[in-house]
Amino acid sequence: MTKSREHITAGQMSVLIVATTLGSSIVFIPHPLAHYAGQYAWMSALLAAGFGALLLAVVLYLNRAHRGRSILEYSAELFGKPISGLLFLAVLLMLLFAVSAIVSGIGDFFSGVMMKETPAYIFNATSLFAAAWTVRAGIKVTARMFVLLLTVMVAFISAVLILAIPLYQSGMLLPIWPHEMVRPLFHGFLLTAGFPFGEIFLYALLMHLVPTAPGAAPWRGKLYKAYALASVMLVMAVLCSGMAFGPASDVFIYSLFKLASEIHIGDMMERTESIVGIALILGSYMKATVYLYMTNLIVARWLPFKDDRASVYPLALMCLFLSLTLFDSPADFFSQVYVVWPFAVLTVGGAFLALHAGMTAIRGDRNRA
């Protein structure tokens, strides 16, 4: 297998955006968001979705300004190879952490909730092996397969939210202390602006995969629509969890899992929480796969391999070891994923995009192909 440039359609890129924006976050994010923002959680998520849309606009601006070239190519021209290398090293470290945290979340969920007698490393290794195998197949095959997986995931989550309608009480969204709004709202915004909405900045690494040709039909609107769909789904999940559990949303680590377990329709439908487990598997697998592909994209640019996917399995093995050693306890996982990671996304990711957009605007046409 030799180095080659893959291409996907705008519709397939839209699928990837929805998959990573929802991913594992639709199951994991309601709990920490309720912890920080309380009854204002859904408002924080809505504001953060707007922030993510701004980042997507910057990503698309860079793609348009550099006429579909890879950011790995024009970044070196904008800043020089040493500075550009440092910028991408920071992004690479973030991606390694993200993939490790995603698969660690899968392992913790199953070993702590569904299959308590099975060691977490079994789930971590299986998830990473599947993700690495998919990356080796190529981004086009990945995107085509994700169409079906994403449809199943969205259908399952939608079914849970709809079937739980009798449990909703709008009064649960009323704040306990009406005078205290700005601080929890801001804390919730910082969390969701970093995880998951701010992660959209990583798509600057993939946007060149959608070919641009003179006179081609506009396609960037599809990406905005896909991002809007993912945002609405995530905000609805947070809103429904709040209406069902109120202040207790802070207690349940997996709010949607708990919500599904409360659904009882006569004697026909009980124990529906298993479909939330399936949604978590699919979402986490898709997100880990895309992020592992991004990681390999950076590494393959630096290494003189003829096979541009030769580093996939070593990177997956590294992420497996990290997933088993990074987090000492559930409290440590909470701190790193819901405090450190959003901060890193907002600072490093925001600076990464701002520097490239600012330098592109300053230098103008000189850097365009």
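Residues numbered from 1 in each chain as written. Predicted model: local features only at pLDDT ≥ 70, side-chain atom pairs only at ≥ 80, totals over all residues. Heavy atoms only, no water.

Visitor: Which parts of the structure should I look at to understand the overall build of the protein?
Guide: Within the protein, the regular secondary structure consists of 14 helices and zero strands. The secondary structure elements of the protein, listed N-terminal to C-terminal, are α-α-α-α-α-α-α-α-α-α-α-α-α-α. By principal-axis analysis of the C-alpha atoms, the protein measures approximately 65 × 45 × 40 Å. The buried share of the protein, taken over its 369 residues, is 54%. Put simply, of all contacts in the protein between residues at least 6 apart along the chain, 86% involve residues at least 24 apart. (Helix = DSSP H or I, 4+ residues; strand = E, 2+ residues; numbered from the N terminus. Buried < 20%, exposed > 50% of the residue type's maximum accessible area, 1.4 Å probe, protein only. Contact = heavy atoms within 4.5 Å.)

Visitor: Just checking my understanding: could you explain the packing of aromatic side chains for this structure?
Guide: Both the distance between ring centres and the angle between the ring planes are used here to describe each pair of aromatic rings. One pass over the structure, following the stated rule, counts 19 aromatic pairs. With a centroid separation of 6.2 Å and an interplanar angle of 35°, the aromatic rings of Tyr36 and Phe334 are classed as tilted. Residue Tyr36 is located in helix 3 (residues 30-37), and its partner Phe334 is located in helix 14 (residues 330-363); the two are separated by 298 residues in the primary sequence. Here Tyr36 falls in the partly exposed class, since its relative accessible area comes to 23%. Taken together, a centroid distance of 5.9 Å and an interplanar angle of 75° make the contact between Phe146 and Tyr285 edge-to-face. With Phe146 in helix 8 (residues 139-163) and Tyr285 in helix 12 (residues 273-302), this pair connects stretches of sequence that are 139 residues apart. Judged by relative accessible area, Phe146 falls into the buried class, the value being 0%. In textbook terms, an aromatic cluster arises when at least three aromatic residues are bridged by ring pairs, as seen for Tyr36, Phe97, Phe195, Phe327, Phe333, Phe334, Tyr338 and Trp341. (Phe/Tyr/Trp six-rings, centres within 6.5 Å; stacked < 30°, edge-to-face > 60°.)

Visitor: I'm lost on the nonpolar core in this one. Help?
Guide: A general trend in soluble globular proteins is that nonpolar side chains are found buried together. Membership of the largest hydrophobic core comes to 127 residues, with the highest contact counts inside it found for Met13, Ile26 and Tyr203. By residue number, the principal contributor to this core is helix 6 (residues 81-114), which donates 16 residues. Residues contacting Ile26, with those up to four places away along its chain left out, are Met153, Ile157, Met233, Leu234, Ala237 and Leu256. (Core = buried A, V, L, I, M, F, W, Y, C linked by side-chain atoms within 4.5 Å.)

Visitor: Even after reading the chapter, I still don't get a nonpolar patch on the surface, so can you show me in this structure?
Guide: A surface patch of nonpolar side chains, about 570 Å² in accessible area, is lined by Leu86, Leu89, Leu93, Trp302, Leu303 and Phe305. No other element matches helix 6, which puts three residues into the nonpolar patch. Counting through the fold element by element, Leu86 comes out in helix 6. (Patch = residues over 30% accessible without salt bridge, like charges linked within 9 Å, V, L, I, M, F, W, Y side chains within 5 Å. Areas by Shrake-Rupley, 256 points an atom, 1.4 Å probe, with all protein chains shown as cover. Salt bridge = Lys/Arg side-chain N within 4 Å of Asp/Glu carboxyl O.)

Visitor: Which parts of the structure should I look at to understand the pattern of salt bridges?
Guide: Side-chain pairing between opposite charges can occur once the charged atoms of the two side chains come close. Following the criterion strictly, the structure yields five salt bridges and no others. The salt bridge partner of Arg69 is Glu77, with a shortest N-O separation of 2.7 Å. Lys258 is the salt-bridge partner of Glu262, the closest N and O atoms lying 3.1 Å from each other. The class for Lys258 is partly exposed, based on a relative accessible area of 27%. Each of Arg69, Glu73 and Glu77 takes part in one network of salt bridges that share partners.

Visitor: Could you clarify how one ought to interpret helix 12 in this entry?
Guide: With 30 residues, helix 12 should reach 44 Å at 1.5 Å per residue; the first-to-last C-alpha distance of 44 Å fits that figure. Here helix 12 lies mainly inside the structure; 24 of its 30 residues are buried. (Expected span 1.5 Å × (residues − 1).)

Visitor: How do you make sense of helix 3 when you look at a structure like this?
Guide: Residues spaced three or four apart along an α-helix point in a common direction, a consequence of the helix completing one turn every 3.6 residues. Among the eight residues of helix 3, six are classified as buried, and the element is accordingly described as predominantly covered. Those residues of helix 3 that sit buried are Pro30, His31, Pro32, Leu33, Ala34 and Ala37. Looking at the buried residues of helix 3, the elements they touch are helix 2 (25-28), helix 4 (41-65), helix 9 (182-194), helix 10 (220-245), helix 11 (255-261) and helix 14.

Visitor: Can you help me understand the confidence of the model for the protein in this one?
Guide: Close inspection of predicted coordinates is inappropriate in any region flagged by low pLDDT. When pLDDT is averaged along the protein, the result is 88, and 93% of the positions lie at 70 or above. The secondary structure element of the protein with the lowest average pLDDT is helix 11, at 84, and the one with the highest is helix 13 (residues 312-325), at 95. Under a pLDDT of 50 for its full length, residues 365-369 has, in the predicted model, eight contacts with residues more than four places off or in other chains. (pLDDT = per-residue confidence, 0-100.)

Visitor: It is not clear to me how the side chain of Ser44 should be interpreted in this structure. Could you clarify?
Guide: For Ser44, the position within the fold is in helix 4. One polar contact links the side chain of Ser44 to the main-chain carbonyl oxygen of Leu185, over a distance of 2.9 Å. Residues contacting Ser44, with those up to four places away along its chain left out, are Leu33, Ala37, Pro184, Leu185, Gly188, Phe189 and Thr192. (Polar contact = N/O pair within 3.5 Å; in protein donor to acceptor, adjacent residues only side chain to side chain.)

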